[in-house]
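# Descriptive analysis of the structure
One letter stands for each residue in the lines below.
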Amino acid sequence: MLHEFQNSAIKRIVNKVTLALAATAALALSACAPKYTAATAKPVSDLSCAEMKDEQVKLASIRSEAQSKKGISKENVFWAVFFWPGAVVNELDNREVIEKVDARSAELTKGQSAKNCAP
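Residues numbered from 1 in each chain as written. Predicted model: local features only at pLDDT ≥ 70, side-chain atom pairs only at ≥ 80, totals over all residues. Heavy atoms only, no water.

## Regarding the state of the cysteines
Tallying each qualifying case throughout the model produces 1 disulfide. Two residues, Cys49 and Cys117, share a disulfide whose sulfurs are 1.9 Å apart. Handedness of the Cys49-Cys117 disulfide follows from its S-S torsion of about -75 degrees: it is left-handed. In this pair, Cys49 sits in helix 2 (residues 49-68) while Cys117 sits in the segment after helix 4 (84-114), placing the two residues 68 residues apart along the sequence. Assessed through its relative accessible area of 32%, Cys49 is described here as partly exposed. In this structure Cys117 comes out as buried when scored by relative accessible area, which is 14%. (Disulfide = S-S within 2.5 Å. Helix = DSSP H or I, 4+ residues; strand = E, 2+ residues; numbered from the N terminus. Buried < 20%, exposed > 50% of the residue type's maximum accessible area, 1.4 Å probe, protein only.)

## Points about the pattern of salt bridges
If you walk through the whole model with that rule in mind, you get 6 salt bridges. Between Glu91 and Arg95 there is a salt bridge, with its nearest N and O atoms 3.6 Å apart. Here Glu91 and its partner Arg95 are both found in helix 4, 4 residues apart, which amounts to about one turn of the helix. With a relative accessible area of 43%, Arg95 lands in the partly exposed category. Glu96 is paired through a salt bridge with Lys100; the nearest N and O atoms lie 3.1 Å apart. Taken together, the residues Glu96 and Lys100, both in helix 4 and 4 residues apart, mark about one turn of the helix. The network of salt bridges with common partners includes Glu55, Arg104 and Glu107. (Salt bridge = Lys/Arg side-chain N within 4 Å of Asp/Glu carboxyl O.)

## Structural notes on the confidence of the model for the chain
With 72% of its residues at a pLDDT of at least 70, the chain reaches an overall mean of 78. Mean pLDDT per element in the chain: helix 1 (residues 2-30) is the minimum at 61, and helix 2 is the maximum at 92. (pLDDT = per-residue confidence, 0-100.)

Here is the structure:
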């Protein structure tokens, strides 16, 4: 009887820990840096002026989101409290996204200039 009680108590503790870890993982996934990769983007030479302008708007939005998640943000505070290396990784991810967005934005600006697109 005592053995069954101990197993039951252990199962409840494991279930609570599992639930807490699942909740933490869900929150962590929602707090990640925005994703951006230029590898899947069309070459600038193949874009029309309107497409370049649209992409510039999207890039500005991605950059703004990454910038808001840098430094002392709620995401980094969460990571610092629960898993401090996560704060470092999140910060590096945001910096990388900003660098990629800035590089692509510079390419688009050159492409707009080369095609004499209206500002």
